[in-house]
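# Observations on chain architecture
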Amino acid sequence: MPTVTPSIDPRITRLAPGFRALSILVEPAPVRHPEIGEAALQQACQVVTAGSPAWADAHLEAWDNVFKAFGAKPKRTPCSAQALRKRVLRDGAMPAIDPVVDLYNAVSLRYAVPVGGENLAAYAGQPRLTLADGTELFDTIKEGLPAHETPEAGEVVWRDDTGVTCRRWNWRQGVRTRLSVESPLMWFILESLPEMPPEALQQAGDALIQGLAAMMPGATIQQQLIGAEV
């Protein structure tokens, strides 16, 4: 099985002390139970509307503060978990998109944790979390057409050897490495700050792994904890 070795720029640790993440690599098998993703998403929406988990607000507020620290405006460009949660609290539910995407969105909602899902087969080199210098390319869609933009200097980004794969830490993923159920190699990153209990991060990872294993029996899955005190 291929490997993935995500790296974290030391400047990120100074920006967000205590940041830790769970990296999960999946070599998928044929999907036998696609309904698992939508079912998990529906259940997670119910958890959010019920007001769980108890530490969710503190964790998402911490993300807001970290975004402000590198110049982002969280009310306009919130972390991915905050954006999903606000949508569910507004609409009461989320429509199904893709079995795998639905599953990792469900984990993000249930545990109030940003979760990124990437097609690692589309990567050039290894993922790395760093500060942008403002010249990198980020591929996106504008007005329905493929387009490129550049991050702001000092913006926290995930990138590979080609360019930025996710802007503003975990706000918006690019098109080039976008994940779907057909992706031949899947990489997930669950990102937490100290306001999220460490055991909850592991529980979130376990929920994702168990869901993927049930959805695609025979998949090969590896996990690695990266970040603070690892």
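A few points on the structure. As the structure is a prediction and not an experimental result, all values here were calculated from the model. (Residues numbered from 1 in each chain as written. Predicted model: local features only at pLDDT ≥ 70, side-chain atom pairs only at ≥ 80, totals over all residues. Heavy atoms only, no water.)

## Remarks on the pattern of salt bridges
Applying the stated rule across the entire model yields eight salt bridges. The partner of D160 in a salt bridge is R176, with the nearest N and O atoms 2.8 Å apart. Residue D160 is found in the loop between β7 (156-159) and β8 (164-167), and its partner R176 is found in the loop between β9 (172-173) and β10 (186-192); the two are separated by 16 residues along the sequence. Judged by its relative accessible area of 0%, D160 falls in the buried class. R176 sits in the partly exposed class, given a relative accessible area of 27%. Among the charged side chains, a network of salt bridges with common partners joins K142, E149, E155 and R167. (Salt bridge = Lys/Arg side-chain N within 4 Å of Asp/Glu carboxyl O. Helix = DSSP H or I, 4+ residues; strand = E, 2+ residues; numbered from the N terminus. Buried < 20%, exposed > 50% of the residue type's maximum accessible area, 1.4 Å probe, protein only.)

## What to know about the nonpolar core
Of all hydrophobic cores here, the largest spans 67 residues; its most connected members are V100, L109, W169, F188, L190 and L208. For this core, the secondary structure elements donating two or more residues are β2 (20-27), α2 (35-49), α3 (56-69), α4 (80-91), α5 (99-111), β7, β10 and α6 (198-215). Among the elements that line this core, the one with the most residues is α5, at eight residues. Contact partners of L190, with chain neighbours within four places excluded, come to R20, A21, L22, I24, V107, V113, P114, V115, L201, A204, G205 and L208. (Core = buried A, V, L, I, M, F, W, Y, C linked by side-chain atoms within 4.5 Å. Contact = heavy atoms within 4.5 Å.)

## Description of the packing of α5 against α6
Look at α5 against α6: their axes get within 10 Å of each other, and the N-to-C directions meet at 155°. With respect to their mutual orientation, α5 and α6 come out roughly antiparallel. The handedness of the crossing between α5 and α6 comes out as right-handed. The residues of α6 that touch α5, namely those facing P99, V100, L103, Y104, V107 and Y111, are A200, Q203, A204, A207, L208, G211, L212 and M215. Residues that form the contact of α5 with α6 fall into these classes: twelve nonpolar, two polar and no charged. (Axes fitted to C-alpha atoms, helices over the stretch in contact; angles between N-to-C directions. Parallel < 35°, antiparallel > 145°, perpendicular 65-115°, else oblique. Left-handed = near helix turned anticlockwise from the far one by under 90°. Nonpolar A, V, L, I, M, F, W, Y, C, P; charged D, E, K, R; others polar.)

## Focus: the sheet that holds strand β3 (residues 115-119)
Strand order across the open sheet formed by four strands is β3-β10-β2-β11, with antiparallel pairing between neighbours. Edge strands, defined here as strands with exactly one partner in the open sheet, are β3 and β11 (220-227). Averaged over all pairs of adjacent strands, the angle between their axes in this sheet comes to 15°, without regard to strand direction. The pairing of β2 with β11 spans eight bridges and is classified as antiparallel. Among the inter-strand pairings, I24 is bridged to a residue of β11, identified as Q223. Strands in contact with α6 are β2, β10 and β11; relative to β2, the strand with the most contacts, it is inclined by about 10°. (Pairing = 2+ DSSP bridges.)

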